[in-house]
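What follows is the residue order along each chain.
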Amino acid sequence: YYVLENFSPAIVTIILANLYREILDLIRGGKHDLNMLVVWGTVFVLFYLLKVVMESIASIYINAEIFEKGSYVLRNMIVKKSTELPLIHYEDSDMMDLQKKAQECVDDDRISSIFMLSSVLITSVLGVVSLIITLFTYHWSLALVATISVSQFYVATYISEKKKYKISSTLAKEKRRQDYLWSLFLNSSSIKEMRVMGFIGLLKEKWKNQRNYIYEKIWKEEFHQHKGIFLCDLIRMGGYLIGIILSIILLFNRSIDVAIFGTVLTSFISIQTAIQ
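Student: For the overall build of the chain, give the residues involved together with the corresponding values.
Tutor: Each helix and strand counted, the chain has 10 helices and zero strands in total. Along its sequence from the N terminus, the chain presents helices and strands in the succession α-α-α-α-α-α-α-α-α-α. Rg of the C-alpha trace for the chain: 27 Å, well past the compact-globule value of 19 Å for 276 residues, more than 25% over. With respect to the principal axes defined by its C-alpha atoms, the chain has extents near 95 × 35 × 30 Å. Looking at the chain residue by residue over its 276 residues, the buried ones come to 29%. A total of about 18000 Å² of accessible surface is found on the chain, and carbon and sulfur atoms cover 68% of it. Measuring between centres, the 30 positive side-chain charges of the chain sit 5 Å from its 26 negative side-chain charges.

Next up, the structure:
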């Protein structure tokens, strides 16, 4: 499905270019073949239906097999590892931090997500190359502008994800402390003791302060990340406007025809999205 999905923009660009050309010839009353118009229209519809069917099958398989079954297998592995650990390790804070990270990894479906991202990346590279080649055949400047206008996403994503990973690692101990404080409010024995001794308010404040500290760290990083993405999107939109202007110039210079002009605008967005 991902092979089909990532080659889809290039395939659709070619199909639409031929379809538009046949429609224009028909409107102008020039030399045209009605059968070819039907053929290209049928190819477009069949390709769309194939994508819908493949997407449905892929969605079921991804959710049931990769995420649900993957989570089940990984949880069993954590349980098995936990039961095999010598009891002395449960007094080691570093070991407990590792266990917390492993549990978060499973809870957030990170292993399954990495597998899916790897699948998408491998097929996306092939899809992007095919789309760049397709756009390049119309004019080299269009492929160049489309590529450059989204290249900054690589840098922005690398920097932000590296910071996010570092923060996530440093907060493992803090999250474990927060979870422990929260667990006290869910344990009947702890609640009785807190009420009798009168320090329930103190623990409540400690938990709130711990929660706020963690969320503040995460919020600041998320805020900086989204600021970077917003700036990247502005550059991307600027690149798209340049692409439109270039397409109009090429159209007036007769470097491309009207049919290609329409498909170029569509494929320009597709190549930006694919690279991003």
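Student: For the pattern of salt bridges, give the residues involved together with the corresponding values.
Tutor: Across all of its chains, the model carries 14 salt bridges by this definition. Lys 173 is the salt-bridge partner of Asp 97, the closest N and O atoms lying 2.9 Å from each other. Here Lys 173 lies in helix H7 (residues 172–184) and Asp 97 lies in helix H3 (residues 93–107), a separation of 76 residues in the sequence. Note that Lys 164 is salt-bridged to Glu 161, the shortest N-O span being 3.6 Å.

Student: A description of a nonpolar patch on the surface should follow, citing residues and the corresponding values.
Tutor: A surface patch of nonpolar side chains, about 550 Å² in accessible area, is lined by Phe 44, Val 45, Leu 46, Tyr 48, Leu 49 and Val 52. Within the secondary structure, Leu 46 is located in helix H2 (residues 34–84).

Student: Pulling in residues and values, what's your account of helix H6 (residues 152–170)?
Tutor: Relative to the 27 Å expected for 19 residues at 1.5 Å per residue, H6 spans 28 Å between its end C-alpha atoms, a close match to the ideal helical length. Within H6, the full set of buried residues consists of Gln 152, Phe 153 and Ser 160. The buried residues of H6 occupy an angular sector of 90° when projected down its axis, which confines them to one face. Set apart from the buried face of H6 by more than 90 degrees, the exposed residues are Tyr 154, Val 155, Tyr 158, Lys 162, Tyr 165, Lys 166 and Thr 170. Summarising the contacts, the buried residues of H6 are in contact with helix H5 (140–148) and helix H9 (200–252).

Student: Requested: an account of the packing of aromatic side chains, with residues and values cited.
Tutor: Inspection of the entire model under this criterion finds three aromatic pairs. Seen from their ring centres, Trp 182 and Trp 207 are 5.1 Å apart, and the 35° between their planes marks the pair as tilted. A residue pair is termed long-range when its members are at least 10 positions apart, and Trp 182 in helix H7 and Trp 207 in helix H9 qualify at 25 residues. Relative to Phe 223, the ring of Trp 219 lies with its centre 5.7 Å away and its plane at 35°, an arrangement referred to as tilted. Taken together, the positions of Trp 219 and Phe 223, both in helix H9 and four residues apart, correspond to about one turn of that helix.

Student: With reference to specific residues and values, describe the nonpolar core.
Tutor: Formed by 21 residues in total, the largest nonpolar core has its most connected members in Leu 135, Tyr 138, Ile 256, Ile 260, Val 264 and Ile 271. Listed by contribution, the elements that provide at least two residues to this core are helix H1 (2–28), helix H4 (110–138), H5, H9 and helix H10 (258–275). With six residues, the top contributor of residues to this core is H10. Leu 4, Val 12, Leu 19 and Phe 47 belong to the second-largest nonpolar core, a separate cluster that totals six residues.

Student: Tell me about the environment of Lys 173, and please be specific about residues and values.
Tutor: By relative accessible area, which is 32% here, Lys 173 ends up partly exposed. Between the C-alpha atom of Lys 173 and that of Met 96, which follows or precedes it by 77 residues, the distance is 8.4 Å. Ignoring any residue separated from it by four or fewer positions in sequence, one finds Lys 173 in contact with Ser 93, Asp 94 and Asp 97.

Student: Summarise the confidence of the model for the chain; cite the residues concerned and give the values.
Tutor: Summary statistics for the chain give a mean pLDDT of 84 and a share of 99% for residues scoring 70 or more. Here H10 is the element of the chain with the lowest mean pLDDT, 76, and H2 is the one with the highest, 89.

Student: Just give me the short version of the packing of H6 against H7, but keep the residues and values in it.
Tutor: One way to put it is that H6 packs onto H7 with a least axis distance of 4 Å and a crossing angle of 45°. Between H6 and H7, the angle is such that the two are oblique. Here Ser 168, Ser 169 and Thr 170 of H6 lie close against H7, whose contacting residues are Ala 172, Lys 173 and Glu 174. By residue class, the composition of the contact of H6 with H7 is one nonpolar, three polar and two charged.

Student: Give a description of unusual backbone geometry that names residues and reports values.
Tutor: In this model, Asp 109 sits at a positive phi of 55°, which is unusual for a non-glycine residue. Inspection of the secondary structure puts Asp 109 in the loop between H3 and H4. Positive phi values are uncommon outside glycine, yet Arg 254 reaches one of about 60°. Within the secondary structure, Arg 254 is located in the loop between H9 and H10.

Here is what the cut-offs are and how they apply
- Residues numbered from 1 in each chain as written.
- Predicted model: local features only at pLDDT ≥ 70, side-chain atom pairs only at ≥ 80, totals over all residues.
- Heavy atoms only, no water.
- Helix = DSSP H or I, 4+ residues; strand = E, 2+ residues; numbered from the N terminus.
- Rg over C-alpha atoms; globule rule 2.2 N^0.38 Å.
- Buried < 20%, exposed > 50% of the residue type's maximum accessible area, 1.4 Å probe, protein only.
- Areas by Shrake-Rupley, 256 points an atom, 1.4 Å probe, with all protein chains shown as cover.
- Lys, Arg positive; Asp, Glu negative; His and termini not counted.
- Charge placed at Lys NZ, Arg CZ, Asp CG, Glu CD.
- Salt bridge = Lys/Arg side-chain N within 4 Å of Asp/Glu carboxyl O.
- Patch = residues over 30% accessible without salt bridge, like charges linked within 9 Å, V, L, I, M, F, W, Y side chains within 5 Å.
- Expected span 1.5 Å × (residues − 1).
- Arc of directions from axis to C-beta.
- Contact = heavy atoms within 4.5 Å.
- Phe/Tyr/Trp six-rings, centres within 6.5 Å; stacked < 30°, edge-to-face > 60°.
- Core = buried A, V, L, I, M, F, W, Y, C linked by side-chain atoms within 4.5 Å.
- pLDDT = per-residue confidence, 0-100.
- Axes fitted to C-alpha atoms, helices over the stretch in contact; angles between N-to-C directions.
- Parallel < 35°, antiparallel > 145°, perpendicular 65-115°, else oblique.
- Nonpolar A, V, L, I, M, F, W, Y, C, P; charged D, E, K, R; others polar.

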